[in-house]
Amino acid sequence: MKKILIIGSSGLLGKSVTELLKLHYEVIEASKTSESYPIDISQIESIKGLLSKVGKVDGIVCTAGLVDFRGFDDASEQDWKYGVQNKLMGQVNLVRVGASYVNKGGTIILTTGILSTYPMPGSSIVTTVNAAVDGFVKAASLELKEKIRVNAVSPGWITETLEYMKMDTTPGLPAKEVAKAYISLIDSNETGQIKIAAKI
């Protein structure tokens, strides 16, 4: 049975992805709040420590990565640094370090977001970070194609998040539906793909 490491397993989306993964794979759950496999992807030493502990796997799925939604005039330099260090460089470093821990032919799946293609007011940091993740996936996949596959899922609004925020749920997809996009990439031969999981 293939062994898959999921990073961000305690989050809304991560829980749904983990639930589906467990139907077909051996799953190692890691998150910032995990007692057994804690990780902070904004810190490269934390990534190295986790992967050293886990060892070889057939795939890594990352649903972690934080970035703040701020209006352009309200966003501070720290807000920008936070998003770049966390969601962008956290995932870049996960691939840089993780590539040697994934068995040949295996996969690393990152998380970007639909705002990379369809920005909206207040999304400058989110859009920039997600677009950078998209570009990284496309470029890194070319250099790693003889070893592993690198792809990303691009979610849009998640229904449960909109419900929590008391917003119109019409543009949302349930977390379980978004999770299917990650699962579809595990055994796919695709690499360098940004799989959209959103209503557009």
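A brief look at the structure comes next. Keep in mind that what you see is a predicted model, and the values were worked out from it rather than measured.

Some remarks on the overall build of the chain
Part 1: A count of helices and strands for the chain gives six helices and six strands.
Part 2: Each helix and strand of the chain, placed in order from N terminus to C terminus, yields the pattern β-α-β-α-β-α-β-α-β-α-α-β.
Part 3: In summary, the chain has a C-alpha radius of gyration of 16 Å against a globular reference of 16 Å for 200 residues, a match within 12%.
Part 4: Reported as C-alpha extents along the three principal axes, the dimensions of the chain are approximately 45 × 35 × 35 Å.
Part 5: The 200 residues of the chain split such that 50% are buried.
Part 6: Taking the intrachain contacts of the chain between residues at least 6 apart in sequence as the baseline, contacts between residues at least 24 apart amount to 68%.

Details of the pattern of salt bridges
Part 1: Under the defined criterion, the tally for this structure stands at eight salt bridges.
Part 2: With its nearest N and O atoms 3.9 Å apart, the salt bridge here joins Lys 176 to Glu 19. Pair noted here: Lys 176 is in helix H6 (residues 175-186) and Glu 19 is in helix H1 (residues 12-21), with a separation of 157 residues, a long-range link.
Part 3: Between Lys 48 and Glu 45 there is a salt bridge, with its nearest N and O atoms 3.7 Å apart. Of the two residues, Lys 48 and Glu 45 are both situated in helix H2 (residues 44-54); the distance of three residues between them amounts to about one turn of the helix.
Part 4: The exposure class assigned to Lys 48 is partly exposed, which follows from its relative accessible area of 38%.
Part 5: The exposure class of Glu 45 is exposed, given its relative accessible area of 55%.

Here's the deal with the side chain of Ser 31
Part 1: One can find Ser 31 in the loop between strand E2 (26-30) and H2.
Part 2: Here the side chain of Ser 31 touches Ser 10 through a polar contact of 3.4 Å, side chain to side chain.
Part 3: Filtering out sequence-adjacent residues up to four positions away, Ser 31 remains in contact with Gly 8, Ser 9, Ser 10, Tyr 37, Pro 38 and Ile 39.

Topic: the layout of surface pockets
Part 1: Looking at the largest pocket, its volume works out to about 1200 Å³.
Part 2: Gly 65, Val 67, Lys 87, Ile 158 and Thr 161 are the residues nearest the centre of the largest pocket, which is lined by 40 residues in total.
Part 3: Looking at the lining of the largest pocket, the elements that each hand over two or more residues are H1, helix H3 (77-98) and helix H4 (124-144).
Part 4: With three residues, the single largest contributor to the lining of the largest pocket is H1.
Part 5: Here the residues of the lining of the largest pocket sort into 21 nonpolar, 14 polar and five charged.

A closer look at unusual backbone geometry
Part 1: Positive phi outside glycine occurs at Lys 166, with the angle close to 60 degrees.
Part 2: Mapped onto the elements of the fold, Lys 166 is located in the loop between helix H5 (159-164) and H6.
Part 3: You can call Lys 166 exposed: its relative accessible area is 76%.

Some words on the nonpolar core
Part 1: Ranked by size, the top nonpolar core spans 34 residues in total, and within it Leu 5, Ile 7, Ile 60 and Leu 110 carry the most contacts.
Part 2: Where this core is concerned, the elements lending two or more residues are strand E1 (3-7), E2, H2, strand E3 (57-62), H3, strand E4 (102-111), H4 and strand E5 (149-155).
Part 3: Examining the composition of this core, we find that seven residues originate from one element, H4, more than from any other.
Part 4: In terms of nonpolar packing, the next biggest core, distinct from the first, is built from 20 residues, Ile 109, Ala 175, Ile 183 and Ala 197 among them.

Side note on the pairing of E1
Side chains on a regular strand alternate between the two faces of the sheet.
Part 1: E1 sits mainly inside the fold: four of its five residues count as buried.
Part 2: In this structure, E1 lies alongside E2, joined through five bridges in parallel fashion. Residue pairing across strands places Ile 4 opposite Val 27, the latter belonging to E2.
Part 3: With H1 bridging E1 and the parallel E2, this β-α-β connection has right-handed handedness.
Part 4: As paired strands, E1 and E3 are joined by four bridges and run parallel to one another. Within E3, the residue paired with Ile 4 across the bridge is Gly 59.

Scoring rules and cut-offs
- Residues numbered from 1 in each chain as written.
- Predicted model: local features only at pLDDT ≥ 70, side-chain atom pairs only at ≥ 80, totals over all residues.
- Heavy atoms only, no water.
- Helix = DSSP H or I, 4+ residues; strand = E, 2+ residues; numbered from the N terminus.
- Rg over C-alpha atoms; globule rule 2.2 N^0.38 Å.
- Buried < 20%, exposed > 50% of the residue type's maximum accessible area, 1.4 Å probe, protein only.
- Contact = heavy atoms within 4.5 Å.
- Salt bridge = Lys/Arg side-chain N within 4 Å of Asp/Glu carboxyl O.
- Polar contact = N/O pair within 3.5 Å; in protein donor to acceptor, adjacent residues only side chain to side chain.
- 1 Å grid on protein atoms, 1.4 Å probe; cavity = no way out; pocket = protein on both sides within 12 Å on 5 of 7 lines; lining within 4 Å.
- Points joined across faces, edges and corners; volume = space filled by probe spheres on them.
- Nonpolar A, V, L, I, M, F, W, Y, C, P; charged D, E, K, R; others polar.
- Core = buried A, V, L, I, M, F, W, Y, C linked by side-chain atoms within 4.5 Å.
- Pairing = 2+ DSSP bridges.
- Right-handed = clockwise from strand over helix to strand, strands pointing away.

In short, geometric facts, not functional conclusions.
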